[in-house]
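Fold and geometry: a report
The lines below spell out each chain.
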Amino acid sequence: MKLIRTTIALLALASSAVSAMAFDREHKSLGQTFADTNCSWCHGPSLQGFTTAPRLAGQKAEYIQSQLLSLKSHKRDNPLARQVMWGPAGTVTPEVARELGAYFSSLDAEAANDGRRELAGQGQGIYQNGSAGANIPSCAVCHGPDGQGAGAIPRIGGLSYAYVKRQLEQWGQGYHASAAFPMPAVARQLSAADIDAIASYLSFVR
Amino acid sequence: MIAVNVKSVLPAAVLAVVVSAAAWAEDNAGPPVSGQELQAKLQYCKTCHGVSGQGYSGASPIPRLAGQQTEYIENQLLAFTDKRRENIYMFNVAHVLSPGMRTALAKHFHDLNAPPSASASKELAPAGKKIFEEGVPEKEVPACASCHGADAKGNGPFPRLAGQSAGYIVRTLTNWDKIRGKDPANPDNSAIMQPVIHGLTPPQIAEVAAYLDYLD
């Protein structure tokens, strides 16, 4: 009797583990399944994000991976990261990070369009040209002329104005990025007006 | 297309470039810059070119500067400023630099060391080595080593190529005429590369680039 009970218990455990691990009934990818259950609450059902939780849709896969792992290691330490993301990121394995990166990068992205329109032109100037006199590099050299990113460098075109502004301000305040170089140093070079303009411009970039 | 016997013309061309460059270098060494100014500017350069000047694969390949010939760096900064070499980002960087700053930056990057890029397809490297050392005689492409050195570390105005990223080399050679010598009224050293540009096929460019990508 004990053997039968044990066997039934083991079988039940195994089958539930298998179905949780691989596909659900509608054959969604592991990334989508994980995101639907864990990420969409804050980042939105289509992962377009809003001011507090950034857009994940259309983001570079390598960047998603590196950020999830840096949240898990607590390298990325701004207040919202600490309060909201450190907990969930603790459960992320490198395999899950890879799956989520693949899933998010496959999604269409929409521009937030929530910046200050009157600053967009100025923001574009700083984004494309930097300011050699003030030692501000052109963002476009790494992030691309259309903010599309490359490899582990994030796509920043179309991200929410409030989000980009906050990231740049917080690096200037001493919070850490996943990599010590170069972004915190770049952000420290920027004035409040520069940040306002860049964040505004980027929010409109498709 | 002018038919030129490269073998006979090359030594004279090389001599002309080196002699004029030496004279130029004496006239143009600027006054020194303050340590603080230099550090701020270096951090700015390194944002894109890397903490060790090793280059980076950004939206497009950003070249390695570590171990580069000082004369070459200074020449390029002037070429960007004069728009003889076309690059909107580097024009912004270069045209605000004083002569003293150019000299100081060039020296700093020359003194840096970094491992080679080592990211290209390794199987192309042996064919690339042959082209580097022997050129392509039937297409009148001289051996790269004759100007860039047997170790590809360059000489005076001839840039170091050792350890440079294959992506950057391929892009540079492929787009040479779109980027270099852009002021017809002021032809510059970039003209010396014409036989190479017109003689090498795209596969050969990829092979040479792969060879240099791994060279220490």
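Residues numbered from 1 in each chain as written. Chains lettered and ligands numbered in written order. Predicted model: local features only at pLDDT ≥ 70, side-chain atom pairs only at ≥ 80, totals over all residues. Heavy atoms only, no water.

Digging into the pattern of salt bridges
Residue and element names in this part refer to chain A. The condition is simple: Salt-bridge detection follows one rule: a side-chain nitrogen of Lys or Arg within 4 Å of a carboxyl oxygen of Asp or Glu. Secondary structure elements are taken from DSSP: a helix is a run of H or I of four residues or more, a strand is a run of E of two residues or more, and numbering for both begins at the N terminus.
Counted under the stated rule, the structure contains 9 salt bridges over all chains. Its salt-bridge partner being K165, residue E169 comes within 3.3 Å of it at the nearest N-O pair. Here E169 pairs with K165, and both are found in helix α9 (residues 161-173), just 4 residues apart, close to one helical turn. Where salt bridges share partners, they join R116, E118 and D196 into one cluster.

Looking at the packing of helix α4 (residues 61-72) of chain A against helix α6 (residues 94-105) of chain A
Pairs of packed helices are described in terms of their axes, by the angle between the two and the distance that separates them. Residues and elements named next belong to chain A. The line we're drawing: Angles run from 0 to 180 degrees between N-to-C directions of axes, and those axes are lines fitted to C-alpha atoms, restricted for helices to the stretch in contact. Reported orientations rely on four angle classes, namely roughly parallel under 35 degrees, roughly antiparallel over 145, roughly perpendicular from 65 to 115, and oblique for the rest. We call a crossing left-handed when the near helix sits turned anticlockwise from the far one by less than a right angle, and right-handed when that turn is clockwise. Any pair of residues with heavy atoms lying within 4.5 Å of one another is described as a contacting pair.
The contact between α4 and α6 brings their axes to 8 Å, and the two run at 140 degrees. Considering the angle they form, α4 stands oblique to α6. Seen along the crossing, α4 lies across α6 with a hand that is right-handed. Between α4, through A61, I64, Q65, L68 and L69, and α6, the contact on the second element is made entirely by P94, A97, R98, L100, G101, A102, F104 and S105.

Remarks on the side chain of Q170 of chain A
Residue position: Q170 of chain A is located in helix α9. Here Q170 of chain A is in contact with N78, P79 and Y175 of chain A, once residues within four sequence places are set aside.

A short note on the nonpolar core
Stated precisely, the cut-off is as follows: We define a nonpolar core as any set of buried Ala, Val, Leu, Ile, Met, Phe, Trp, Tyr and Cys residues linked to one another through side-chain atoms lying within 4.5 Å. To sort residues, take the accessible area from a 1.4 Å probe on protein chains only and compare it with the maximum for the residue type: under 20% means buried, over 50% means exposed, and anything in between is partly exposed.
Residues Y127, V164, L168, L190 and L202 of chain A are the most contacted members of the largest nonpolar core, which totals 29 residues. Within the residue set of this core, elements represented by two or more residues are α7 (120-129), α8 (140-143), α9 and α11 (192-203) of chain A. If near-sequence neighbours (up to four positions away) are discounted, L202 of chain A is found in contact with Y127, I156, G157, G158, L159 and V164 of chain A. Grouped together as the second largest cluster of nonpolar side chains are 26 residues, F132, V136, M193 and V196 of chain B included.

Observations regarding the interface of chain A and chain B
We count it as follows: By buried area we mean how much accessible surface two parts lose on assembly, using a 1.4 Å probe and totalling the loss over both. Under this definition, polar contacts are N or O atom pairs within 3.5 Å; protein pairs additionally need one hydrogen-donor-capable and one acceptor-capable atom, and for neighbouring residues in sequence, both atoms have to be side-chain atoms.
Between chain A and chain B, the residue contacts involve 21 residues of the former and 18 residues of the latter. Both sides together, the interface formed by chain A and chain B hides about 1,500 Å², and carbon and sulfur atoms give 67% of it. Considering only the side of chain A, the residues that lose the most area to chain B are N135, V141 and F181 of chain A, jointly responsible for 37% of the buried surface there. On inspection of chain A and its partner chain B, the count reaches 0 salt bridges. Viewed at the interface, chain B and chain A are joined by 5 residue pairs in polar contact (both at pLDDT 80 or more).

Some remarks on α9 of chain A
Residue and element names in this part refer to chain A. Our working rule: Multiplying one less than the number of residues by 1.5 Å gives the expected span of a helix.
Along its 13 residues, α9 runs 18 Å from first to last C-alpha, staying within 8% of the 18 Å computed at 1.5 Å per residue. Restricting attention to buried positions, one finds in α9 the residues Y161, Y163, V164, R166, Q167, L168, Q170 and W171. Taken together, the buried residues of α9 touch α5 (79-89), α10 (183-189) and α11. Phi turns positive, to about 110 degrees, at G174, one or two residues after α9.

What to know about empty space enclosed by the protein
Convention followed: Note on definitions: the grid is 1 Å and covers protein atoms alone; a cavity is a set of points where a 1.4 Å probe fits but cannot get out; a pocket is an open set with protein on both sides within 12 Å along at least five of seven lines; lining residues have an atom within 4 Å of a point. Grid points are joined across faces, edges and corners, and a volume is the space filled by probe spheres set on the points. Residue type decides the class: Asp, Glu, Lys and Arg count as charged, Ala, Val, Leu, Ile, Met, Phe, Trp, Tyr, Cys and Pro as nonpolar, and the leftover types, Gly among them, as polar.
Overall, the coordinates contain 1 cavity of 30 Å³ or more when judged by the stated rule. In this structure, the largest cavity spans a volume of roughly 40 Å³. What lines the largest cavity is N135, P137, A185, V186 and Q189 of chain A together with A40, Q43, Y44 and T47 of chain B. Secondary-structure elements contributing two or more residues to the lining of the largest cavity are α10 of chain A together with α2 (35-49) of chain B. With 4 residues, α2 of chain B is the largest single contributor of residues to the lining of the largest cavity. Class assignment for the residues of the lining of the largest cavity results in 5 nonpolar, 4 polar and no charged.

Read these as geometric descriptors, not functional statements.
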